[in-house]
Amino acid sequence: MRDRAARVRTGLVRSSSAKSNQGDLRIHVTLDHLKSLEGRVRSLRLLPSNQPSSSVLNGRHASRLRGRGLNFEELRGYLPGDDPRTIDWKVTARTGEPHVRVYSEERDRPTLVVVDQRMSMFFGTRHAMKSVTAAEAAALIVFRVLDQGDRIGGIVFGDELLSEVRPRNSRKACHRLLSALERANRMLNAYAPSDQKPMGLNQPLSLVARSARRDHLVVILSDFDGIDDRTETLIAGIARRNDVILCPITDPISQEIPNDLKIVVSDGELQVELDTTHGEVRKRLETFSKGRLADLLHWQKRLGLVVLPLSAGKDTLSQLRILTGGAPENRGADL
């Protein structure tokens, strides 16, 4: 069964009308709200160099980012304090004097942020919708990448749309991407008819595979609903030539299924009531939700990916700060 949470009458979607939700930043984002996150991004660490030991991007964890490449700058004589690993032994043997090869880190590495805004993301029970958490995380990453001097672009997709912004080192590209994200997020409506086949994750991933030929940073923010063997093949191909960060977005209810919950779930045509007072129903729901994360962790180990799990039940920036080795922001839980 698809996680068609747009039809779930529980949690944050209890409002009696879709119109009344438009001003609630837990339900839908605004362009102004996404732009306001720019001033809060300097605490994030997305580059692999100088990562603290607690960061999941650090080499002590299961995987790490390769980061930007290196440009050869010059060959010069060895100076006290130089890293012995940079000594060019052939030149040293030929000249009789120690020489080192000097490199500088490449600049302007392109980053693609892939943001899921399908109806399966329109669900939340505690702090915000999964779609809002994904949008906020994307905005934070966009501004941090721009601040680092790298090119930023992305792909925003919903069940009925797919928008691509080519990587550019410009605020114009950043604005286009955030505008596409706001537009896709605003299309999510708990009461809208569902008469089209939902878009699968493989379609935007195929576009990523064509766009990110090599040496990109690819960040995928999604609940990874509907993944299959083709999904793994696509991600494996992308990861062979690029750095890939998977950000699975979950809701707290998927980790701890209440034993007294009754909800109605529908795909727009058929509907079913789920009653978690029945142990077997609760067990199957827990197995389903945990199995998806298990698949991603398997990909992390086998493909060398980075997995940054985010919960829609907590402040987005605080989670990203902790995952990348920083301290949580001293703010309230409100958006």
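Before reading on, note that the structure itself is shown above.
Below you will find a few notes about this structure. Here the structure is a predicted model, which is why all the values come from computation and not from measurement.

Cut-offs and rules
- Residues numbered from 1 in each chain as written.
- Predicted model: local features only at pLDDT ≥ 70, side-chain atom pairs only at ≥ 80, totals over all residues.
- Heavy atoms only, no water.
- Axes fitted to C-alpha atoms, helices over the stretch in contact; angles between N-to-C directions.
- Helix = DSSP H or I, 4+ residues; strand = E, 2+ residues; numbered from the N terminus.
- Parallel < 35°, antiparallel > 145°, perpendicular 65-115°, else oblique.
- Contact = heavy atoms within 4.5 Å.
- Nonpolar A, V, L, I, M, F, W, Y, C, P; charged D, E, K, R; others polar.
- Patch = residues over 30% accessible without salt bridge, like charges linked within 9 Å, V, L, I, M, F, W, Y side chains within 5 Å.
- Areas by Shrake-Rupley, 256 points an atom, 1.4 Å probe, with all protein chains shown as cover.
- Salt bridge = Lys/Arg side-chain N within 4 Å of Asp/Glu carboxyl O.
- Lys, Arg positive; Asp, Glu negative; His and termini not counted.
- Charge placed at Lys NZ, Arg CZ, Asp CG, Glu CD.
- Buried < 20%, exposed > 50% of the residue type's maximum accessible area, 1.4 Å probe, protein only.
- Expected span 1.5 Å × (residues − 1).

Quick notes on the packing of helix α3 (residues 130-147) against helix α4 (residues 171-186)
Right, on to step 1. Two numbers describe how α3 lies on α4: the axes approach to 11 Å, and their chain directions differ by 180°. Taken together, the axis directions place α3 and α4 in an arrangement best described as roughly antiparallel. Taken together, the residues of α4 that come into contact with α3 (itself represented by Ser-131, Val-132, Ala-135, Ala-138, Ala-139, Val-142, Phe-143 and Leu-146) are Arg-171, Cys-174, Leu-177, Leu-178, Leu-181 and Asn-185.
Right, on to step 2. Grouping the amino acids of the contact of α3 with α4 by side-chain chemistry returns eleven nonpolar, two polar and one charged.

Considering a positive patch on the surface
Right, on to step 1. Taken together, the side chains of Arg-210, Arg-213, Arg-240 and Arg-241 make up a positively charged region of the molecular surface.
Right, on to step 2. Summarising the element assignment, Arg-213 is placed in the loop between α5 (202-211) and β6 (217-222).

What about the pattern of salt bridges?
Right, on to step 1. Taken as a whole, this structure holds 13 salt bridges when the rule is applied.
Right, on to step 2. For Asp-83, the salt bridge identified is with Arg-85, shortest N-O distance 2.8 Å.
Right, on to step 3. Residue classification places Arg-85 among the exposed positions, given a relative accessible area of 76%.
Right, on to step 4. Residue Arg-109 is joined to Asp-243 by a salt bridge in which the shortest nitrogen-to-oxygen separation is 2.6 Å. In this pair, Arg-109 sits in the loop between β2 (99-105) and β3 (111-116) while Asp-243 sits in strand β7 (residues 243-250), placing the two residues 134 residues apart along the sequence. For the pair Arg-109 and Asp-243, one class covers both residues: buried.

Quick look at α3
Right, on to step 1. With 18 residues, α3 extends 26 Å between its outermost C-alpha atoms, agreeing within 8% with the 26 Å of an ideal straight helix rising 1.5 Å per residue.
Right, on to step 2. Burial within α3 is extensive, with 17 of its 18 residues counted as buried.
Right, on to step 3. Taken from the residues just after α3, Gly-149 is the one with a positive phi, measuring 90°.

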